[in-house]
Amino acid sequence: MRVSGQSIIAVSLFTLSLYIHRVQARPFVLVLSNEDLNGGFDDNGAYESSDFDEFGESEPKSEEELDPGSWRRIFETNDSTVHASASPQYYSGLHKILSAASEGNTTLMEEAVSEIDSSASSGDPHAQSVMGFVYGIGMMRETSRSKSILHHHFAAAGGNMQSKMALAFRYLRQNMYDKAVELYAELAETAVNSFLISKDSPMAEPVRIHIGTEENKDALRKSRGEEDEDFQILEYQAEKGNSVAMHKIRLFYYFGLRGLRRDHAKALYWFSKAGEKGEPMSMELLGEIYARGAGVERDYDKARECLTLAVKQGLYSAFNGLGYLYVKGYGVDKRNYTKAREYFEMAANNEDPSGHYNLGVLYLKGIGVKKDVRHATKYFFVAANAGQPKAFYQLAKMFHTGVGLTKNLEMATTFYKLVAERGPWSSLSRWALEAYLKGDVGKAFILYSRMSELGYEVAQSNAAWIVDKYGERSMCMGVYGFCTDKERHDRAHSLWWRASEQGNEHAALLIGDAYYYGRGTERDFVRAAEAYMYAKSQSNAQAMFNLGYMHEHGEGLPFDLHLAKRYYDQALQSDTAAKLPVTLALASVWVRRNYADTALVQVLNSLPEVHQKVVEWVENGMLEEGNATILTLFLCLITVIYLRGRQRRQVVLDPVGANVAQPLAAPVAFPQ
């Protein structure tokens, strides 16, 4: 999707702020009108065809079943719940690829790719998926878009979910929503089947390892797992009996958060400690885990006991789990839809988003209540507004099928993608971050590159930044070994471009620079201005300054000193750190306005011709990168000071002159 970070879909009925971690880097506001709500509300059986049924008879599946060919077996070797879901040859080749990336061993990488290629040729869909990745980035094979797509198609047909993600993202980039929506629908369904039963499953959100051109040290510090000082303090508090600290540590170990390796044994140890204290949040989560059989043997009786204890201590969200058990008839005498609805209402009345979601499901399906799609839609929107991912899934289905909401494939694709990115394959981000924190840049780069292909904007940004930051040390592998300078530049440019399409303002700024300076592409001021305009829409001060400069010089935008000043002023309003360059730029504008068609302006116009020499001086270490423009504008400021001083002297020398009423030294007023 290429919609603005403040997209507005329609007007009227009700407004909800949906903070969507998807293709946009910023949140947007979704406003629905009566036109968005379907008049008939007849689902025509549209919801009966889906394998996902919140209160159906299907049993929860393991991650290996949901994501066959998962890379988890390579990274979580100590987890007894991990089972092989592909051939030994596939895992052998995959292990060699990751080892070669870590070691920077091109010979081993060639051997690994050949082994995977052989497995792919024999029909292994998971090996075909990796070869789709190999051809897509040009690693030990010539880059081939057609071969990449072909391998992903065969892999997807064979059940590889990561290839389905890659194909869906390709279709999305081409605005082929009719194809993208079908794949994302299947992927989102798989993702929700991996969630906890009635709560939003905590997940390791992809960490942006950089802020602009600098490493994101604060975020990385918080992701160092057991080595993090804050975690050690938390662990100490837990050992001293602090129930809140216990709960947090359980979450971290169970879901693999904050840079910790997922460890169900440690998580269950802390669960047992919490059980002794009867801590309600832990009892609720433990009840969910027993009901799902996630890391433990499924036991509905224990699930009910834990959830009941949590409810008795005033934890209203635990009513959702009890309601679920009564809908399914698990751990209770028999199904009781009335009691289930009452439990969901208790949760909803106490502002629990899952309570609203579950009530939405009851009204959508007509379970224990009269079927009412309009009522269900409103419940889903309240839950989605609170960030409940399953609610986004239901809204996506409504936009997809036209049931309850006017059919809109673009919106359906947007919401499906949001949910799909929370699927089991998102663990790639956790392993990439772990590798980066250990100094294994090569492994981190290849994992982020794989996630980039699947459409994760943060991964695209991280992979591009690693190539730019580390250069040869990124262990970037090209067609014939280590990437050449051109291959690294092309790889970074492609990654930044994808990230910019998904709302990353820093990436958009870099793409604008590439077109403006002709770095790795033909110089194109118009496309540079388009990229800067997008970054400007995200309130980026540098982009505003660049647009002002282009208006001042008539490069890619009309020559317009009034607009130039306006953009410079906006840059200063957006970021006070821009005061010096903006002051210098306004001085240049002042000279152009007051001394048009003079030799002085001709001198200003000649500055870009010597700009490259100044840049080379900057790159040789004389100044920080980017100060070359400030240096040249500084000359303008000196000139302005000199001219104004001379004009003031003229006024003093000729106090009765004809020009005293309008002294040239007065500031020029620009229309706002």
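Cut-offs and rules
Residues numbered from 1 in each chain as written. Predicted model: local features only at pLDDT ≥ 70, side-chain atom pairs only at ≥ 80, totals over all residues. Heavy atoms only, no water. UniProt positions renumbered as here; feature names shortened; annotations may be inferred. Salt bridge = Lys/Arg side-chain N within 4 Å of Asp/Glu carboxyl O. Buried < 20%, exposed > 50% of the residue type's maximum accessible area, 1.4 Å probe, protein only. Helix = DSSP H or I, 4+ residues; strand = E, 2+ residues; numbered from the N terminus. Expected span 1.5 Å × (residues − 1). Polar contact = N/O pair within 3.5 Å; in protein donor to acceptor, adjacent residues only side chain to side chain. Phe/Tyr/Trp six-rings, centres within 6.5 Å; stacked < 30°, edge-to-face > 60°.

The protein chain has the name ERAD-associated E3 ubiquitin-protein ligase component HRD3A in an unreviewed UniProt entry, where Arabidopsis thaliana is given as its organism. Its UniProt record gives the protein chain a comment under Subcellular location (unreviewed entry), which states: "Endoplasmic reticulum membrane". Annotation of the protein chain in UniProt includes, under Sequence similarities (unreviewed entry), the sentence "Belongs to the sel-1 family."

1. Quick notes on the pattern of salt bridges
Across all of its chains, the model carries 19 salt bridges by this definition. Its salt-bridge partner being glutamate 76, residue arginine 72 comes within 2.9 Å of it at the nearest N-O pair. The exposure class assigned to glutamate 76 is buried, which follows from its relative accessible area of 3%. The closest approach of N and O atoms between aspartate 485 and arginine 488, which form a salt bridge, is 2.3 Å. Here aspartate 485 and its partner arginine 488 are both found in helix α24 (residues 485–501), three residues apart, which amounts to about one turn of the helix. Relative accessible area serves as the criterion here: at 11%, arginine 488 is assigned to the buried category. Residues participating in the shared-partner salt-bridge network are Arg72, Glu76 and Arg430.

2. Brief notes about helix α11 (residues 243–255)
Relative to the 18 Å expected for 13 residues at 1.5 Å per residue, α11 spans 18 Å between its end C-alpha atoms, a close match to the ideal helical length. Counting buried residues in α11 gives 10 out of 13 residues, a clear majority hidden from the surface. In this structure asparagine 242 caps α11, since a side-chain oxygen of it lies 3.0 Å from the backbone nitrogen of alanine 245. Positive phi appears at glycine 256, one or two residues downstream of α11, with a value of about 70 degrees.

3. Things to note about the packing of aromatic side chains
With the rule as written, the count across this model stands at 18 aromatic pairs. With centroids separated by 5.9 Å and ring planes inclined at 20 degrees, the aromatic side chains of tyrosine 363 and tyrosine 379 adopt a geometry described as stacked. Linking tyrosine 363 in helix α17 (residues 353–365) with tyrosine 379 in helix α18 (residues 373–385), this pair joins segments that are 16 residues apart in sequence. Of the two residues, tyrosine 363 and tyrosine 379, neither departs from the other in class, the shared state being buried. Ring geometry for tryptophan 497 against tyrosine 515: centres 6.0 Å apart, planes inclined by 75 degrees, an arrangement best described as edge-to-face. Note that tryptophan 497 is positioned in helix α24 and tyrosine 515 in helix α25 (residues 505–517), a separation of 18 residues in sequence. Overall, tryptophan 497 belongs to the partly exposed group, its relative accessible area being 24%. Through a chain of ring-to-ring contacts, three or more aromatic side chains come together here, namely Tyr316, Phe319, Tyr326 and Tyr343.

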